[in-house]
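Chain residues, written in single-letter form:
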Protein chains: 2
Amino acid sequence: MIHNVVKANAYFDSVTLMLFSSRLNEIEGIQQAAVMMGTDHNKELMKNSGILNLETASKASSNDLIIGIKAISQEVIDLALKALNDQFENKSKATPGSEKKTFKSFESALKQTPDLNFAVISIPGRYAKNEVMKCLRNNINVLLFSDNVSIDDENELKTFAVKNQLLMMGPDCGTAIINGVSLGFSNVVKHGNIGLVAASGTGLQEVTVIIDRLGGGISQALGTGGRDLKEAIGGKMMLMALEALNSDDKTEVIGMISKPPSKIVLERIIKLVKTFKKPVVACFLGAESSDFDGSGVYTSETLESAANALFALSTGQDPELINHETKKPNLQLPKENSGKYVRGLYTGGTLAYEAILVLKHQQIVSYSNISSDPVYLLKDVEKSHEHTIIDMGEDYFTDGMPHPMIDPRLRSERILKEVADPETAIILLDCVLGYGSHLDPAGALVLAINKALSQATHPLTFIASVCGTPSDPQNRIEQESKLRSAGVIVMDTNAQAAKLASYLIARRLD
Amino acid sequence: MIHNVVKANAYFDSVTLMLFSSRLNEIEGIQQAAVMMGTDHNKELMKNSGILNLETASKASSNDLIIGIKAISQEVIDLALKALNDQFENKSKATPGSEKKTFKSFESALKQTPDLNFAVISIPGRYAKNEVMKCLRNNINVLLFSDNVSIDDENELKTFAVKNQLLMMGPDCGTAIINGVSLGFSNVVKHGNIGLVAASGTGLQEVTVIIDRLGGGISQALGTGGRDLKEAIGGKMMLMALEALNSDDKTEVIGMISKPPSKIVLERIIKLVKTFKKPVVACFLGAESSDFDGSGVYTSETLESAANALFALSTGQDPELINHETKKPNLQLPKENSGKYVRGLYTGGTLAYEAILVLKHQQIVSYSNISSDPVYLLKDVEKSHEHTIIDMGEDYFTDGMPHPMIDPRLRSERILKEVADPETAIILLDCVLGYGSHLDPAGALVLAINKALSQATHPLTFIASVCGTPSDPQNRIEQESKLRSAGVIVMDTNAQAAKLASYLIARRLD
């Protein structure tokens, strides 16, 4: 029995909708249920799950909310709709017991907290510019979480911010640690003397987490938004953040994390950091280390080696002494494994990108939805081709759905699909912890892995790493232990996980 | 050119002698050199190294110091002897810059530090009893590091200690943490609410280290000496330590670590802890969990699961929810591996014992020098037989030599031997960090592994775990990274390392 409801012009954010959906699915007698905004992608998903009829689908637009329920009886459907209505109503009330101060307007917030100097803005991108500008005009630094801000608006906002010596981190800046306060998607790490600036969210998370594991600590971790190092923006926020870290008393060592910047931006960065007395480590994933010749900047090929170098410098050691070469462990894939390919399913974009580079380093070329080489861009993102590394946090997957770091459903489905493919030998995974992330990502992965393996017709090897610390709400050690209980080989870092996968594939090809 | 010198009745402790030896070997032109006490075992070692002639050997007794030098010329030998003499002289002077107070007698120490309530005693065992008794009579708790104390003396000292409500930890107690102060072989771990008492040194280290990794902390870690739970001693110090932990305000959860006690001692322990309100976890390696039925005590099969349970209880979680079952990772040994057997070379006795139990759990029987079953005791400790796990800290190996946690030489030689054996498939290793241990045990292992592999005629798989924390002087993460650089598969705990070895062997047999 299928029931559809369309609520015109009803907007809820994707995380709220995910909670609604999962509560519906817990009701006895419900076979499948989802509450989603009516984007084409979501309609497709609901249709495939058999909870949406064509007539309803044609009526709903991306501004409408669709409820789709498949249940054993009309009574169950009525019960579910009633429960859902209660939740809709509760959601619009203020959270009871919350200690946050809420204000009716920006002006009244400013009046009642005159020492305000930092704002996190997370409203739909098309409304963001005005609010950011209000903050900047009032000498308030901004972390702009929203995406869908035009590059012209970004440039205008950053130009104004730089002129007034303010941070404007973003748009689409998901991770930062300011004076020990973790913002957005970030991990509970020790305080210390290492300052970071990054145009990448999970890249920043991975580096802070590895530094924490080594025993080091973070002074500041600043995000710039992913487009900052493009020519159109010119690295405005990267340059400003570098200067801020150079003047910051708590920061003794500086790290930069990003995909390679445009040439002209790189020149500006090198010119600036050459004037610094503090040591600087660059992790521009995929860049040539020769780009930095003569600059005095330490370079690193992976997030892990960047973290190692930063930790070494922060404790007065020579980072050049760190051994980057790793001998292959003497193991192989079981001979009865019929598969040939690595399939990487990532929630962290930079982690996916790092995996592509590590595989490439072992002469293993992989296809991807984020490949920098158009030849290796996947034609159909839904279908893996030979070695494939997918960033499931890309727009295609997050259109109308929460990010996979929050909502594990799409990745769980993709795991089923990859396991069913007889060509798959290794499934490579990340598992990102910290504030903002799912409260049990390893648990969700284990459910999916066990389900997939129960249907599998050939043996598969799972390799994963957990990006998090023991102090994170999800506790790294417990998450690792869960993954191991399902037979997953858990490595300490994403670079190590990708390396092990590449070694096993290379040995298979021998 | 070989030169021998015998110094009659000259005693230096084994760690000092190891330093002397290694400095001699650094002199250019020295081919091989050693400075050792003249025990039969050491004479054998020096003879085998070609630095001792029979005439000298027959003259020296175990009270004499033997210097053996093989060098390219008489000049080098003269130079080496001069350097050695300088070191002998320096050693007898007080360390300059040392802030330790030294006293000429026990009485003057007591007079000048009237609040003294704890003593660490580390003199040859046959002189220990009187000194311990002096301390106890003056209300001073004792950690007795020395071995070679008779069981009657131990009983007498402990009876007196218990009567006067004092701790007498030992003899042969190597590890303790008292009010956050690490004593003997111990690791830098976080302070917390978990109190431990152990009849085992590396068992205690491994549990404290895993708790630290999980994010938990230690209030007290008390050692009892290895014989405390035998009937002759009757668990006197274990019972006393348990009561102390039960009264200790900082301790909220209590853990016991030991090999299985005698039946009568176990009954006493259960009777006591039944009266406690604080939860108690028992890790009596090899005991049946049914021994504790109805006692309310949580039991655990490995040091790792004990640490997991203690951490869960210390944070208000249910330890029963922790998943102890681990699915096999889908990997196998390379098919060109001709070997069949696991060879475990351990510096930590309890870690070796844990490995034997983990293998047994997978129906893999191993021979050992510490097997509790006489059938599986190695006939010749120098020669491995089928699956073999060796505790290289046992008397046989430490007679006149420093413990392998300090001096890696004997284990390095044994690695060469096992690698040369075509029947060896996997070499399983521990790497114990912390105060007292070698300053770079992973570095020493990597040297030995690389040397062995350069001579190997068949492929081998190395699996290891590091018992230590990132805060230890050796830094766990850096040690792990060194091991990995040599192709060693590094697991998080000894139990996991042994489990991986057992899975790989079991799959080979399939």
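Everything numeric here is computed off the predicted structure, so don't read it as measured data. Residue indices follow the written sequence of each chain, beginning from 1 at its first position. Lettering for chains starts from A, numbering for ligands starts from 1, and both go in the order in which the items are written. Given that this is a predicted model, residues contribute local features only at a pLDDT of at least 70 and side-chain atom pairs are listed and counted only at 80 or more, while totals for whole chains, interfaces and linings are drawn from all residues.

### Examining the overall build of chain A
What counts as a helix is a DSSP run of H or I of at least four residues, what counts as a strand is a run of E of at least two, and both are numbered from the N terminus. In terms of regular secondary structure, chain A is built from 17 helices and 19 strands. Here the C-alpha radius of gyration of chain A, 24 Å, is about what a compact globule of 510 residues would show, namely 24 Å. For the C-alpha atoms alone, the extent of chain A along its principal axes is close to 70 × 70 × 40 Å. Note on contacts: each residue gets a C-beta atom placed from the backbone, and two residues are in contact if those atoms are within 7 Å. Contacts spanning at least 24 positions in sequence make up 70% of the contacts within chain A whose residues lie at least 6 apart. Based on C-alpha atoms, the radius of gyration is set beside the globule rule, defined as 2.2 Å times the residue count to the power 0.38.

### Structural notes on the sheet that holds strand β3 (residues 65-71) of chain A
Residues and elements named next belong to chain A. One requirement defines pairing of two strands: DSSP has to find at least two bridges between them. Here we have 3 strands laid out as an open sheet, ordered β1-β3-β2, and antiparallel in their pairing. Pairing within the sheet leaves two strands with one partner each, and these edge strands are β1 (2-7) and β2 (30-37). Shown here is a sheet whose adjacent strand axes are inclined to one another by a mean of 10 degrees, direction ignored. Bridging between β1 and β3 involves 6 bridges; their strand directions are antiparallel. Across the sheet, residue Val5 finds its bridge partner in β3, namely Ile67. Fitted lines through C-alpha atoms serve as axes, helices being fitted only where they are in contact, and the angles separating the N-to-C directions of these axes extend from 0 to 180 degrees. Packed on one face of the sheet, helix α2 (residues 40-48) meets β2 and β3 and runs near 175 degrees to β2.

### Some points on the packing of helix α6 (residues 128-137) of chain B against helix α7 (residues 151-163) of chain B
All names here are of chain B. Two numbers describe how α6 lies on α7: the axes approach to 10 Å, and their chain directions differ by 5 degrees. When the axes of α6 and α7 are compared, the pair comes out roughly parallel. In this structure, α6 uses Lys129, Val132, Met133 and Leu136 to contact α7, whose residues at the interface are Asp153, Leu157, Phe160 and Ala161. Lys, Arg, Asp and Glu make up the charged group, whereas Ala, Val, Leu, Ile, Met, Phe, Trp, Tyr, Cys and Pro make up the nonpolar group; the residues left over, Gly among them, are polar. A class-by-class count of the residues in the contact of α6 with α7 yields 6 nonpolar, no polar and 2 charged. Each angle receives one of four descriptions, namely roughly parallel if under 35 degrees, roughly antiparallel if over 145, roughly perpendicular if within 65 to 115, and oblique otherwise.

### Some details on the sheet that holds strand β4 (residues 118-121) of chain B
All names here are of chain B. Spatially, 3 strands are ordered β4-β5-β6 in an open sheet, and the strand pairing comes out parallel. Sheet topology places β4 and β6 (168-169) at the edges, where each strand pairs with a single neighbour. Note that β4 and strand β5 (residues 141-144) share 4 bridges and pair parallel. Bridging from a neighbouring strand, Phe118 pairs with Asn141 of β5.

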